[in-house]
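What the coordinates show
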Amino acid sequence: MPKFVYGFTEGHKDLKDLLGGKGANLAEMTNLGLPVPPGFTITTEACRHYLEHGNLPEGLESEVNRHLKALETQMGKRLGQPDDPLLVSVRSGAKFSMPGMMETVLNIGLNDESVAGLAKQAGSGPAGERFAWDSYRRLIQMFGKTVLDIDGELFEAAIDRLKQVKGTGDDLDLQAEDLQALVESYKGIVREHAGREFPTDPREQMDLAIKAVFDSWNAPRAILYRRQERIPTDLGTAVNICSMVFGNLGMDSGTGVAFTRDPASGNQGVYGDYLQNAQGEDVVAGIRNTVPLADLEGIDKPAYDELIAIMEKLENHYHDLCDIEFTVERGKLWMLQTRVGKRTAGAAFRIAVQLVDQGLIDLDEAVRRVTGDQLAQLMFPRFDESASARRIAKGMNASPGAAVGKVVFTSEAAVRAVAQGEQVILVRRETNPDDLTGMIAAQGVLTSRGGKTSHAAVVARGMGKTCVCGAEELDVDVKARKVTGPDGLVIEEGDVISIDGTSGAVYLGEVPVVNSRVVEYFEGDLASEDGDELVRAVRRIMSHADGLRRLLVRANADNPEDSARARRFGAQGIGLCRTEHMFLGDRRRLVENLVLAEGPEDRQAALDALAPLQKQDFVGIFEAMDGLPVTIRLIDPPLHEFLPDLTELSVKVALAQATPNGADTKDRKLLEAVRRLHEQNPMLGLRGVRLGLVIPGLFAMQVKAIAEAAAERKAAGGDPRPEIMIPLVGAVQELEAARDEAEQVLAEVKRETGIDVPALIGTMIELPRAALTAGQIAEAAEFFSFGTNDLTQTTWGFSRDDVEAAFFSRYLELGIFGVSPFETLDREGVGRLVRIAVEEGRKTRPDIKLGICGEHGGDPDSVHFFHEVGLNYVSCSPFRIPVARLEAARAALQTGGSDSR
């Protein structure tokens with residue numbers, strides 16, 4: 001029978017799968033000899049059994065009994081003992097940190113009898129009485145909301161009414177008799193809304209709390225958070241039973257959260273929040289404004305000095321930024337939790353390099369410590385410092401970025417507004433876990449209470465969302481849907497504000513944005529010695545990353561300007577140049593002439609008019625990518641996409657017919673052509689290689705333009721390296737026919753110019769049949785490029801333009817998708833086709849070049865898959881190139897190989 005319960009002395013930090021992050025780290029701190037309150041952890045295996053079978057696993061109850069008895073013996077008191085009660089907390093703790101998403105219940109063991117014993121042990125007089133009744137009301141409130149599923153606002157309303165009667169806005173002004181009355185009020189809420197009395201049996205309290213923590217793994221907010229952070233759904237949570245220590249015993253007690261470095265900037269120093277006479281949830285909830293951690297030195301220097309020493313010990317032990325929760329109970333410091341702390345993207349890069357310089361990690365580990373998503377966040381725009389803007393408040397710079405949007409006061413309003421295409425800022429007094437949907441939807445989050453360790457700050461940092469907390473100059477009235485600021489300023493729902501998560505500033509109206517310094521670095525606008533600490537950190541990590549990766553990174557670029565920019569961003573060639581984009585704008589009329597051609601001569605004349613324009617486009621691209629491969633996809637979309645809309649053209653012709661002169665002859669012919677070319681499902685119609693084979697000379701014109709442009713560049717001393725890609729091939733015979741034509745054109749240009757420019761000829765793999773017959777197709781293809789956008793559509797049977805809006809949100813809610821298959825590659829379906837094509841293609845042609853040019857080429861998770869299956873390169877938009885470079889290096893480190901094919 002498996003072991004379901006571990007004492008804090010039995011585990012260690014590497015048992016996170018079994019004990020969750022919190023339990024594993026409590027055990028680790030215990031092993032290090034740090035002051036940790038005694039306790040034990042119920043494993044994630046027990047949780048998974050409970051969630052699967054609906055009951056606790058056999059043997060769990062006896063294990064809990066044994067560990068509880070050992071805890072009681074160690075503490076010298078029993079759970080809920082009337083004259084001197086042992087009280088415990090019951091807290092969740094998953095493998096991956098999910099701050100505030102699951103449940104915690106403090107002060108388990110209190111009832112009408114033991115509250116008196118707690119008061120006596122706390123000390124005679126009003127202070128002891130007040131502490132005991134405050135602890136009791138907290139238990140009923142947390143238990144009612146968490147275990148009995150009672151609306152937490154009912155409890156908040158009750159305490160707010162009591163404070164109003166007492167003429168105060170501070171919980172600390174409530175006396176023992178007030179809190180005793182509040183306990184009775186809370187019991188009434190439980191009785192009315194749960195249909196039962198508040199349980200007074202301490203063991204029943206604990207058992208129900210354990211089940212509630214297990215159940216909270218599948219609470220809607222926990223599911224949403226896991227989906228947002230891509231945390232697997234089948235892990236389950238551990239439950240930590242920990243003997244209570246009290247920060248609410250008086251002003252010589254308190255609770256706090258500390259970071260060994262600033263999680264917003266990465267700077268070293270003393271960072272965190274402290275709250276006197278409070279329990280731990282008060283700090284992260286942000287319901288009372290904290291003082292900076294440094295102030296603890298003046299409040300309780302011995303506790304402060306011990307904490308600073310422990311912080312240094314933990315950072316050196318974990319080799320990383322640590323996030324610490326602690327309590328001071330009458331001058332005695334207790335460590336309640338530590339974990340590797342969430343941090344902003346900028347802090348991640350700075351800290352990684354700082355730890356390298358301190359000798360705690362090497363550069364390989366520094367690359368592992370940062371992600372492509374974090375790098376992408378650093379490339380987002382920032383506010384223009386030269387712009388004139390009215391600053392209305394300043395709060396804590398909780399999570400960096402520049403966010404502009406309309407003010408909304410509830411998560412529901414945020415979700416509604418975003419669904420209508422608006423950008424919003426979620427404004428709250430403080431956030432709680434139920435605000436997660438609004439935080440995800442909003443551009444940024446602004447709160448008037450709380451600090452860098454509040455719920456809003458921690459969650460926003462984790463998801464890379466701009467956040468300003470503790471803007472005390474603003475009075476947020478959620479019910480009235482307005483914010484009152486300095487000098488009588490009133491901001492109402494729908495008004496636009498701008499928040500700067502880097503400085504903490506809040507501005508009225510929209511502030512213009514400019515490129516980030518990191519983008520300026522990638523663009524080459526900064527000299528090698530320029531840039532702040534962040535830019536230097538990014539430069540150092542990216543330089544090392546480029547030496548680690550096996551995958552090459554190319555760009556999707558269709559013009560010389562994008563090609564040049566991509567090269568500055570580190571592109572090693574072009575993986576997709578879409579020639580159809582060259583037919584837009586003023587060139588549409590030339591395509592119209594091609595469609596309206598009535599015979600071979602007209603058709604050739606139309607192609608001859610397009611050819612020199614195509615050639616000049618290619619000359620510019622070859623020049624920008626001199627010495628690097630350029631994969632050019634021949635025209636892919638159906639021709640009607642270059643023609644006027646059927647409905648609009650029909651109306652135009654009909655209206656013209658009613659005039660004396662009638663409709664223009666060209667318009668009538670164009671309407672006939674549009675009707676002739678109209679398809680019910682153009683994605684699966686006359687496009688790609690089919691178009692090139694049906695319209696004589698179309699592909700030949702493009703290939704000739706490519707060859708002549710390459711010859712011109714070579715004559716000018718350049719080094720063009722064209723690769724010609726035939727799209728939408730489903731059978732090798734299609735590719736053979738298109739290839740024969742292309743080779744004839746290449747040979748003709750060589751004869752005419754006297755210049756030989758070798759060009760690889762290959763195809764896109766974007767149809768399931770192509771993937772399944774890749775071995776045959778490789779006989780005629782020198783390279784494959786996986787068009788994963790269309791391959792995803794054709795594998796799933798989706799029309800992307802239709803399905804994303806129609807039902808994807810519902811599929812995500814139901815868990816059918818963990819993430820959209822158009823954002824991250826579907827490894828099991830589409831990925832399996834890619835694997836088959838790679839294996840069969842290489843079996844036929846061992847030296848075949850393999851790449852991917854769909855949007856997945858810039859997605860971090862997908863890049864790891866493409867490394868794993870052995871592609872030679874990924875190709876993505878210029879802006880995503882640095883992301884792909886970094887993730888390619890991280891993928892090489894993960895698999896232990898950076899060899900090149």
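Quantities reported herein were computed from a predicted structural model and do not represent experimental measurements.

Reading across from one edge, S12-S22-S21-S14-S15-S16-S17-S13 is the order of the 8 strands in this open sheet, with mixed pairing throughout. Only two strands of the sheet have a single neighbouring strand rather than two, namely strand S12 (390-394) and strand S13 (396-399). Taking the axes of each pair of neighbouring strands and ignoring which way they run, one obtains an average angle of 30° across the sheet. In the sheet, strand S16 (residues 444-447) pairs with strand S17 (residues 466-469) via 3 bridges, with the strands oriented parallel. Among the inter-strand pairings, Val 445 is bridged to a residue of S17, identified as Cys 467.

Where helix H4 (residues 114-122) is concerned, the buried positions are Ser 114, Val 115, Gly 117, Leu 118, Ala 119 and Ala 122. One or two steps after H4, the chain reaches Gly 123, where phi turns positive at roughly 125°.

Quick look at the packing of aromatic side chains now. The tally for this structure, following the rule as stated, stands at 22 aromatic pairs. A ring pair is formed by Phe 131 and Phe 246, whose centres lie 5.0 Å apart and whose planes are at 80°; its orientation type is edge-to-face. In this pair, Phe 131 sits in helix H5 (residues 126-146) while Phe 246 sits in the loop between strand S5 (237-243) and strand S6 (254-261), placing the two residues 115 residues apart along the sequence. Across this residue pair, the class does not change: Phe 131 and Phe 246 are buried. Aromatic side chains Phe 383 and Tyr 507 sit 6.1 Å apart centroid to centroid with 80° between the ring planes, which places their arrangement in the edge-to-face category. Linking Phe 383 in strand S11 (residues 382-383) with Tyr 507 in strand S22 (residues 505-508), this pair joins segments that are 124 residues apart in sequence. For Phe 383, a relative accessible area of 7% gives the class buried. Classification of Tyr 507 by relative accessible area gives buried; the value is 17%.

When its volume is computed, the second largest pocket comes out at roughly 630 Å³. In terms of lining residues, the second largest pocket is bounded by 21 residues, among which Gly 815, Ile 816, Phe 817, Gly 818 and Val 819 are the most central. Among the elements that take part in the lining of the second largest pocket, helix H9 (residues 220-229) stands out by supplying 3 residues, more than any other. Residue classes in the lining of the second largest pocket are distributed as 10 nonpolar, 4 polar and 7 charged.

To continue, consider the packing of H5 against helix H7 (residues 176-194). Contact geometry of H5 with H7 gives a least axis separation of 8 Å together with a crossing angle of 15°. Here H7 runs roughly parallel to H5, going by the angle between their axes. Handedness of the H5/H7 crossing: left-handed. Mapping the contact onto sequence places Pro 126, Glu 129, Arg 130, Trp 133, Asp 134, Tyr 136, Arg 137, Ile 140 and Gln 141 in H5 and Ala 176, Leu 179, Gln 180, Leu 182, Val 183, Tyr 186, Lys 187 and Val 190 in H7. Partitioned by chemical class, the residues of the contact of H5 with H7 number 10 nonpolar, 2 polar and 5 charged.

A few words now on the environment of Met 582. Relative to the assigned elements, Met 582 resides in the loop between strand S25 (574-578) and helix H22 (588-596). Between the alpha carbons of Met 582 and Ala 264 there is a distance of 44 Å; along the sequence they are 318 residues apart. If we ignore the near neighbours within four places in the chain, the residues touching Met 582 are Asp 558, Cys 577, Arg 587, Gln 614, Asp 617, Phe 618 and Ile 621.

Here 5 strands make up an open sheet; going across it, the order is S8-S7-S6-S9-S10 and the pairing antiparallel. Edge positions in the sheet fall to strand S8 (291-292) and strand S10 (332-340), since each has one partner strand and no second. Where helix H12 (residues 301-318) meets the sheet, it contacts S6, strand S7 (268-276), strand S9 (322-329) and S10, and its direction lies at approximately 25° from that of S10.

This paragraph deals with empty space enclosed by the protein. In the structure shown here, the tally under the stated rule is 2 cavities of 30 Å³ or more. The calculated volume of the second largest cavity comes to roughly 30 Å³. Forming the boundary of the second largest cavity are Met 683, Leu 684, Arg 687, Leu 728, Leu 767, Asp 790, Gln 793 and Thr 794. Looking at the lining of the second largest cavity residue by residue, the class counts come to 4 nonpolar, 2 polar and 2 charged.

Opposite charge on two side chains lets them pair, provided their charged atoms get close. Applying the stated criterion to the full structure yields 51 salt bridges. Between Asp 112 and Lys 187 there is a salt bridge whose closest N-O contact spans 2.6 Å. Of this pair, Asp 112 sits in the loop between strand S4 (104-108) and H4 while Lys 187 sits in helix H7; the two residues are 75 residues apart in sequence, bridging distant segments of the chain. Relative accessible area serves as the criterion here: at 9%, Lys 187 is assigned to the buried category. Asp 558 is paired through a salt bridge with Arg 578; the nearest N and O atoms lie 3.2 Å apart. Here Arg 578 lies in strand S25 and Asp 558 lies in the loop between strand S24 (552-556) and helix H21 (560-568), a separation of 20 residues in the sequence. The exposure class assigned to Asp 558 is buried, which follows from its relative accessible area of 11%. One connected set of salt bridges, linked through shared partners, spans Asp 134, Arg 137, Arg 138, Asp 160, Lys 163 and Asp 171.

Trans peptide bonds make up the majority, and among non-glycine residues the majority have a negative phi. Although it is not a glycine, Asn 107 adopts a positive phi angle of roughly 70°. Given a relative accessible area of 0%, Asn 107 falls into the buried group. One non-glycine residue, Arg 330, lies in positive phi territory at about 50°.

What counts and what doesn't
- Residues numbered from 1 in each chain as written.
- Predicted model: local features only at pLDDT ≥ 70, side-chain atom pairs only at ≥ 80, totals over all residues.
- Heavy atoms only, no water.
- Pairing = 2+ DSSP bridges.
- Helix = DSSP H or I, 4+ residues; strand = E, 2+ residues; numbered from the N terminus.
- Axes fitted to C-alpha atoms, helices over the stretch in contact; angles between N-to-C directions.
- Buried < 20%, exposed > 50% of the residue type's maximum accessible area, 1.4 Å probe, protein only.
- Phe/Tyr/Trp six-rings, centres within 6.5 Å; stacked < 30°, edge-to-face > 60°.
- 1 Å grid on protein atoms, 1.4 Å probe; cavity = no way out; pocket = protein on both sides within 12 Å on 5 of 7 lines; lining within 4 Å.
- Points joined across faces, edges and corners; volume = space filled by probe spheres on them.
- Nonpolar A, V, L, I, M, F, W, Y, C, P; charged D, E, K, R; others polar.
- Parallel < 35°, antiparallel > 145°, perpendicular 65-115°, else oblique.
- Left-handed = near helix turned anticlockwise from the far one by under 90°.
- Contact = heavy atoms within 4.5 Å.
- Salt bridge = Lys/Arg side-chain N within 4 Å of Asp/Glu carboxyl O.

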